[in-house]
Amino acid sequence: LLTEEKEVSGVKVLHHDYPTNGIGYLRLLFNVKDIPAKFVKYLGLFKTLLGSLDTKEHTYQTLEQDIDINTGGINYSVMTNKNNDDYSVNLLIRANTLYDKLDFTFDIIKEVINTTNFEMNSRIKECLAMESSKMQQALVGAGHATSYVRALSYIEPVFYYNDQVEGVGYFETL
């Protein structure tokens, strides 16, 4: 990969200059490895609720509509990587958008991160019920992988994070 490392407003940016027919593929990573252990189980809930609740400027319905109209989608997840004896844990935000919509995309991501209303109890309950249903089907459908991650979560920190944000630990939190 031809990668150019830049600094934009004090933030390290890796830029890959490839022909993409005017589509920008954004990957934003936020290091969350140092979150205290007692809060790790909430990372899964956090990534699930981002983009699903009202913000200061949008209801969750208009937020979804604006994102659908102006981008190819915005996705929130937690990504773990293991390198030898070390590991990383990042909140990953992925977005695909036309170059002329990059400003909108960065602005809407900033809005979601900074102004999401986490006090919408009935909406949160609705989102978590839907997520619980999806998780139940996913865990049963991949029982071997589920048990593998769960067993290793007691040995390897990276698997502990995986279990807490998308495995049995996450399902228990839901």
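Cut-off values and rules
Residues numbered from 1 in each chain as written. Predicted model: local features only at pLDDT ≥ 70, side-chain atom pairs only at ≥ 80, totals over all residues. Heavy atoms only, no water. Pairing = 2+ DSSP bridges. Helix = DSSP H or I, 4+ residues; strand = E, 2+ residues; numbered from the N terminus. Axes fitted to C-alpha atoms, helices over the stretch in contact; angles between N-to-C directions. Phe/Tyr/Trp six-rings, centres within 6.5 Å; stacked < 30°, edge-to-face > 60°. Buried < 20%, exposed > 50% of the residue type's maximum accessible area, 1.4 Å probe, protein only. Lys NZ or Arg CZ within 6 Å of the ring centre and 35° of its normal. Core = buried A, V, L, I, M, F, W, Y, C linked by side-chain atoms within 4.5 Å. Contact = heavy atoms within 4.5 Å. 1 Å grid on protein atoms, 1.4 Å probe; cavity = no way out; pocket = protein on both sides within 12 Å on 5 of 7 lines; lining within 4 Å. Points joined across faces, edges and corners; volume = space filled by probe spheres on them. Nonpolar A, V, L, I, M, F, W, Y, C, P; charged D, E, K, R; others polar. Salt bridge = Lys/Arg side-chain N within 4 Å of Asp/Glu carboxyl O.

J.: Describe the sheet that holds strand β5 (residues 86-98), with residues and values.
T.: Each strand in a sheet pairs with its neighbour through backbone hydrogen bonds, running either in the same direction (parallel) or in the opposite one (antiparallel). A sheet is described by the order of its strands in space; here three strands give the open sequence β3-β5-β4, paired in antiparallel fashion. On the outer flanks of this sheet lie β3 (23-31) and β4 (74-83), each paired with one strand and no other. Across the sheet, the axes of successive neighbouring strands diverge by a mean angle of 30 degrees, strand direction being ignored. Of the pairings in the sheet, the one linking β4 to β5 comprises 10 bridges and is antiparallel in character.

J.: Account for the packing of aromatic side chains, naming residues and giving values.
T.: Under the counting rule described, the total for this entry stands at four aromatic pairs. Between the aromatic rings of Tyr160 and Tyr161, the centroid separation amounts to 6.1 Å while the plane-to-plane angle is 80 degrees, which identifies the pairing as edge-to-face. On the basis of relative accessibility, which here comes to 30%, the residue Tyr160 falls in the partly exposed class. When its relative accessible area of 5% is taken as the criterion, Tyr161 is described as buried. Members of the aromatic cluster, each reached through a chain of ring pairs, are Tyr87, Tyr160 and Tyr161. Over the ring of Tyr87 we find Lys33, and its NZ or CZ is 4.3 Å from the ring centre. Against the face of Tyr60 rests Arg123, its NZ or CZ located 3.7 Å from the ring centre.

J.: Before we move on, can you summarise the nonpolar core with the specific residues and values?
T.: Within the largest apolar cluster, 19 residues are counted, with the highest numbers of intra-cluster contacts made by Leu43, Ile74, Tyr76, Ile108 and Ile109. Per element, the largest residue contribution to this core is four residues, and it comes from β5. Setting aside residues no more than four positions away along its own chain, Tyr76 makes contact with Lys47, Leu50, Gly51, Leu92, Ile93 and Val112. With 10 residues, the next largest nonpolar core counts Leu45, Ile124, Leu139 and Tyr170 among its residues.

J.: Break down the layout of surface pockets for me, citing the residues and quoting the values.
T.: Volume-wise, the largest pocket comes out at about 1300 Å³. Around the largest pocket, the lining is made up of 27 residues, and of these Val13, Leu26, Arg27, Leu28 and Phe106 lie nearest the centre. Elements supplying a minimum of two residues to the lining of the largest pocket: β2 (11-16), β3 and α3 (102-115). Residue classes in the lining of the largest pocket are distributed as 16 nonpolar, six polar and five charged. Its boundaries defined by the atoms lining it, the second largest pocket holds a volume of some 470 Å³. Around the second largest pocket, the lining is made up of 17 residues, and of these Lys47, Thr48, Leu50, Gly51 and Ser52 lie nearest the centre.

J.: Please set out the pattern of salt bridges residue by residue, giving values where relevant.
T.: Should their charged atoms come close, side chains of opposite charge can pair. Overall, the coordinates contain six salt bridges when judged by the stated rule. In this structure, the salt-bridge partner of Asp86 is Lys33, at a minimum N-O distance of 2.8 Å. Placement of the pair is Asp86 in strand β5 and Lys33 in the loop between β3 and α1 (41-49), with a sequence separation of 53 residues. Lys82 serves as the salt-bridge partner of Glu156, at 3.7 Å between the closest nitrogen and oxygen.

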